[in-house]
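The residues making up each chain are set out below.
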Amino acid sequence: MSATVKNDAVADETGLGANGGLGEFKSDLALAGAHVKNRWQMAWFLTKRFPLGMGGFAVVIAFCLVAAFAPWVASQDPLSTNPGISLAKPSWDHLMGTDFMGRDLFSRVVHGSKTSLAVGFGSTFLSVLFGVLIGLASGYIGGWFDLVVQRFIDMLQSLPTLILAMAMAAAMGPSLTNTMIAIAVPRLPRMARIMRANTLYLRELPFVDAAKAMGMGEFRIALRHILPNSLAPLIVMASTGLGGAILVEASLSFLGLGVPEPYPSWGRMLSESAAEYVRTAPWLVLFPGIAISLAVFATNLLGDTVRDLLDPRERTSN
Amino acid sequence: MSQISDVKAPSTPRPAAAKTPVLEVENLSTYFFTRQGIVKAVDDVSFSVFAGEKLAIVGESGCGKSMTALSVLRLVPNPPGRIVAGRVLLDGKDILKVSEAEMRGMRGNQISMIFQEPMTSLNPVWSIGNQLSEAFMLHQNLSQNEALEKSIEMLRLVKIPEPERRMSEYPHQLSGGMRQRAMTAMALACKPKVLLADEPTTALDVTIQAQILDIILKLQEELGTAVVLITHDFGVVAETAHRVIVMYGGKMVEEATAEELFARPLHPYTHGLLGAMPHLDSMDGRWPEARRLQEIPGMVPALVNLPKGCTFAPRCSFATDECRAAFPPRVEKGPGHYAACWHSDRLYGGG
């Protein structure tokens, strides 16, 4: 018992306790037998407990760093063409070779991570933001409003993700923002559904009645009491959806509907070279493909681990 | 000598200072309109509470006690519930008629409530200090720092040890008793005129119950708050209440001062409830005939489409055709002692 209390106090210093739905996380760690004194020990414990997830986390961080410091990581201009070295094999000058226009592939893959991550995080953020707003309002207000909103969500959900994303991307025209929106909209329904289900459950709990009896307004109750209690499933949804969003961006770009030139995009790199050069210059397909797979695999591993940590149904303790 | 009489004021009678009741409930009726029919959860309930007074509402589960409290706060779940009739006067003002915004300003400020379940009545993701200071920020326009200071003061008043440390703790780190103290602190934060306590000690350990009750009542006396204590525990009633209302099937069946009720109950249902209480005497054989606890035969009726007569008639061993024909009127059988029974005069010798 004293150990639990001690760990609780300690976990607070790491800032986890202040973070809504993560509040119970620290006591779970304590139950799992963690003796954490600081961030480093907590990180070490998590690495031992979830090696795959932490590996995924490390790769995601690495991608983020590469994207942030792209000009320093790859010193060559990803856009400058040089017909003299068209389709050069990988060498020390060009780590991943060059494409048919003589552009350095390593540099293009490195700069392409900016596009992939921006679209992945951006579209996930958008779908969470609007999904939460719609789900919260729908579940809390209820009645006719709920009925109409849910039928609209049904309509969105009845279309396959990629088809809807393609239709939207084609209708709005190519741009970075439009790609984010096109990917976010088909993902809205699941976020909204989860948030609505959570709201329906939470609004019947006694602490909501207690908040009403204290004189708190409905709007404030929804934002202060319902939303923070739904944080855990939302984080799970967002982190597991990240890989999917990156994949959809690659698919859209492959189909020519994604992020336009001159932004380098992994998906478009594949489509530019897949048909013509896959036999003569396989590195043109190999390296962007590996980048996509690695990013998606890492974010999925991370997402699974976050779910294991936060989803109450996955918890082994209590 | 006079000093002693000054210090030791009699605790049972009504406080002399209060002349007009702070809360008056008149003919309050709350119905639930369900597919099975109309459920009369609260049916024609009237009572009044004076400042500093302790009124107990007693009855079995499902008799409408909690719904009465929620109706006073206008927090009846709607739909399906609705307050269909009656007036609730707080300091002479009918709060069933004010706007929702005005009502919100009164909840937690002038009338507040302590709930039955301390385990789930606090939000698990916010710290105690965060939730407690909100009461001050909602109603008193205090800055966050002032609110936090007042919160610590409140926690000290409800005798939570190390209040500064508890402020940053989360509900799951507190025991049931500590949580109920925190709830009490929240309810009394703005020094309300009326406190509705809905079985505040039911979910707690027996040893903690007395402490919590003690804290609530001591603070209530200090602040001059009127308390409506909802309970099914006659032990709690005997210890605390000035006056008692007995409810059955959504209706008031008896009302009297606590002493009077225990000495001369006038309704067969009250008799049944008192008879169902275990006595220490019955254990040691001095009461051979009462060794077995009495029970009230039958079950609490479903409140859907009740028959016309007395709601208690199906379970009452004295019921006659008269009882089954019409609900008895509430009659003052003695000074301040009301009962709703056709036969109380015959059964218990009138007033």
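Residues numbered from 1 in each chain as written. Chains lettered and ligands numbered in written order. Predicted model: local features only at pLDDT ≥ 70, side-chain atom pairs only at ≥ 80, totals over all residues.

1. Quick notes on the overall build of chain A
Phase 1: In terms of regular secondary structure, chain A is built from 14 helices and zero strands.
Phase 2: Reading chain A from its N end, one meets helices and strands in the order α-α-α-α-α-α-α-α-α-α-α-α-α-α.
Phase 3: Across chain A, contacts joining residues at least 24 apart in sequence account for 67% of those joining residues at least 6 apart. (Helix = DSSP H or I, 4+ residues; strand = E, 2+ residues; numbered from the N terminus. Contact = placed C-beta atoms within 7 Å.)

2. Focus: the overall build of chain B
Phase 1: Secondary structure summary: chain B contains 13 helices and twelve strands in total.
Phase 2: Looking at chain B residue by residue over its 351 residues, the buried ones come to 46%.
Phase 3: Pairs at least 24 residues apart make up 65% of the contacts formed inside chain B by residues separated by at least 6 positions. (Buried ≥ 20, exposed ≤ 12 C-beta atoms within 10 Å, placed from the backbone.)

3. Some remarks on the pairing of strand E10 (residues 251-257) of chain B
All names here are of chain B.
Phase 1: In terms of burial, E10 is a largely internal element, six of the seven residues being buried.
Phase 2: Sheet analysis places strand E9 (residues 243-248) next to E10, joined by six bridges and oriented antiparallel. Looking at the pairing, Tyr-248 lines up with Lys-251 of E10.
Phase 3: Between E9 and E10, which pair antiparallel in sequence order, lie two residues; one of them, Gly-249, sits at a positive phi of approximately 55°.
Phase 4: Pairing of E10 with strand E12 (residues 337-339) involves two bridges; the strand directions are antiparallel. Residue pairing across strands places Glu-255 opposite Tyr-338, the latter belonging to E12. (Pairing = 2+ DSSP bridges.)

4. Notes on the confidence of the model for chain B
Residues and elements named next belong to chain B.
Phase 1: Predicted confidence across chain B gives a mean pLDDT of 82, with 89% of residues reaching 70 or more.
Phase 2: Across residues 1-18, where pLDDT falls below 50, the model places 13 contacts with residues more than four positions away in sequence or in other chains.
Phase 3: This prediction of the complex comes with two scores: 0.77 for pTM and 0.80 for ipTM. (pLDDT = per-residue confidence, 0-100.)

5. Let's talk about the domain arrangement of chain B
Often, the extent of an interface is quoted as the loss of accessible area upon association of its parts.
All names here are of chain B.
Phase 1: As far as domains go, chain B holds domain 1 (1-110 + 192-278) and domain 2 (117-189).
Phase 2: Placing the centre of domain 1 and that of domain 2 at their C-alpha centroids yields a distance of 25 Å.
Phase 3: With 15 residues of domain 1 at the contact, the number on the domain 2 side is 16 residues.
Phase 4: The greatest single-element share of the side of domain 1 that touches domain 2, amounting to seven residues, is contributed by helix H8 (residues 206-223). (Domains from an automatic or database assignment.)

6. A look at the sheet that holds E12 of chain B
Across a sheet, strands are paired by hydrogen bonds formed along the backbone, either parallel or antiparallel in direction.
Residue and element names in this part refer to chain B.
Phase 1: Spatially, eight strands are ordered E6-E7-E8-E3-E9-E10-E12-E11 in an open sheet, and the strand pairing comes out mixed. The strands lining the two open edges of the sheet, one partner per strand, are strand E6 (111-114) and strand E11 (331-334). Strand-to-strand twist of the sheet, defined as the mean angle between neighbouring strand axes without regard to direction, takes the value 25°. (Axes fitted to C-alpha atoms, helices over the stretch in contact; angles between N-to-C directions.)

7. Digging into helix H8 (residues 161-172) of chain A
All names here are of chain A.
Phase 1: Compared with an ideal rise of 1.5 Å per residue, which puts twelve residues at 16 Å, H8 spans 16 Å between its outermost C-alpha atoms and is within 8% of the ideal.
Phase 2: Regarding H8, the residues found buried are Thr-161, Ala-165 and Ala-169. Here the buried residues of H8 occupy an arc of 50° about the axis, which is enough to place them on one side. Facing away from the buried surface of H8 by more than 90 degrees, the exposed residues are Ile-163 and Ala-171.
Phase 3: Next to the buried residues of H8 lie helix H9 (176-202) and helix H12 (231-254). (Expected span 1.5 Å × (residues − 1). Arc of directions from axis to C-beta.)

8. Thoughts on the interface of chain B and chain A
Phase 1: At the interface, 24 residues of chain B touch 20 residues of chain A.
Phase 2: Counting only elements with at least two residues in the side of chain B that touches chain A, the list comes to helix H3 (100-106), E6 and helix H4 (128-140) of chain B.
Phase 3: Considering every element that reaches the side of chain B that touches chain A, the biggest residue donor is H4 of chain B, with three residues.

9. Some thoughts on the nonpolar core
Phase 1: If you look at the biggest cluster of nonpolar residues, it comprises 166 residues, and the most contacted ones within it are Leu-196, Val-228 and Val-244 of chain B.
Phase 2: When residues in this core are grouped by element, the largest group, 14 residues, is from H12 of chain A.
Phase 3: Leaving out residues up to four positions away in the same chain, Val-244 of chain B has contacts with Ala-56, Val-58, Val-237, Ala-256, Ala-258 and Leu-261 of chain B. (Core = buried A, V, L, I, M, F, W, Y, C linked by C-beta atoms within 7 Å.)

10. Notes on the environment of Ala-295 of chain A
All names here are of chain A.
Phase 1: Mapped onto the elements of the fold, Ala-295 is located in helix H14 (residues 283-310).
Phase 2: The class of Ala-295 is buried, set by 24 C-beta atoms lying within 10 Å.
Phase 3: The residues touching Ala-295, leaving out its near neighbours within four places in the chain, are Phe-63, Ser-116 and Ile-246.

11. Structural notes on the packing of H12 of chain A against H14 of chain A
Residue and element names in this part refer to chain A.
Phase 1: At a minimum axis distance of 8 Å, the contact between H12 and H14 shows a crossing angle of 170°. Viewed along their axes, H12 and H14 adopt a mutual orientation that is roughly antiparallel. For the pair H12 and H14, the contacting residues are Ala-232, Ile-235, Val-236, Ser-239, Thr-240, Leu-242, Gly-243, Ile-246, Leu-247 and Ala-250 in the first and Ile-292, Ala-295, Val-296, Thr-299, Asn-300, Leu-302, Gly-303, Asp-304, Val-306, Arg-307 and Leu-310 in the second. (Parallel < 35°, antiparallel > 145°, perpendicular 65-115°, else oblique.)

12. Here we look at unusual backbone geometry
All names here are of chain B.
Phase 1: Even without being glycine, Asn-27 reaches a positive phi, approximately 45°.
Phase 2: Mapped onto the elements, Asn-27 comes out in strand E1 (residues 23-34).
Phase 3: Its identity as a non-glycine residue notwithstanding, Glu-162 has a phi of 50°, on the positive side.
Phase 4: Along the chain, Glu-162 turns up in the loop between helix H5 (144-157) and helix H6 (163-167).

13. What to know about the packing of H8 of chain A against H9 of chain A
Residue and element names in this part refer to chain A.
Phase 1: Here H8 crosses H9 at 150°, and the two axes come no closer than 8 Å. Crossing of H8 against H9: the hand is right-handed. Taken together, the residues of H9 that come into contact with H8 (itself represented by Thr-161, Leu-164, Ala-165, Met-168, Ala-169 and Met-172) are Asn-178, Thr-179, Ile-181, Ala-182, Ile-183, Val-185 and Pro-186.
Phase 2: Across the contact of H8 with H9, the residue classes tally to ten nonpolar, three polar and no charged. (Left-handed = near helix turned anticlockwise from the far one by under 90°. Nonpolar A, V, L, I, M, F, W, Y, C, P; charged D, E, K, R; others polar.)

14. Looking at helix H4 (residues 51-68) of chain A
Residues and elements named next belong to chain A.
Phase 1: Counted at 1.5 Å a residue, the expected span for H4 with its 18 residues is 26 Å, and the 25 Å between its end C-alpha atoms agrees.
Phase 2: The complete set of buried residues in H4 reads Gly-53, Gly-56, Phe-57, Val-60 and Phe-63. Across the axial projection of H4, the buried residues extend over an arc of 120°, all falling on one side. Opposite the buried face of H4, by more than 90 degrees, sit the exposed residues Pro-51, Ile-61 and Leu-65.
Phase 3: Residues of H4 that are buried sit in contact with helix H6 (105-141) and H14.

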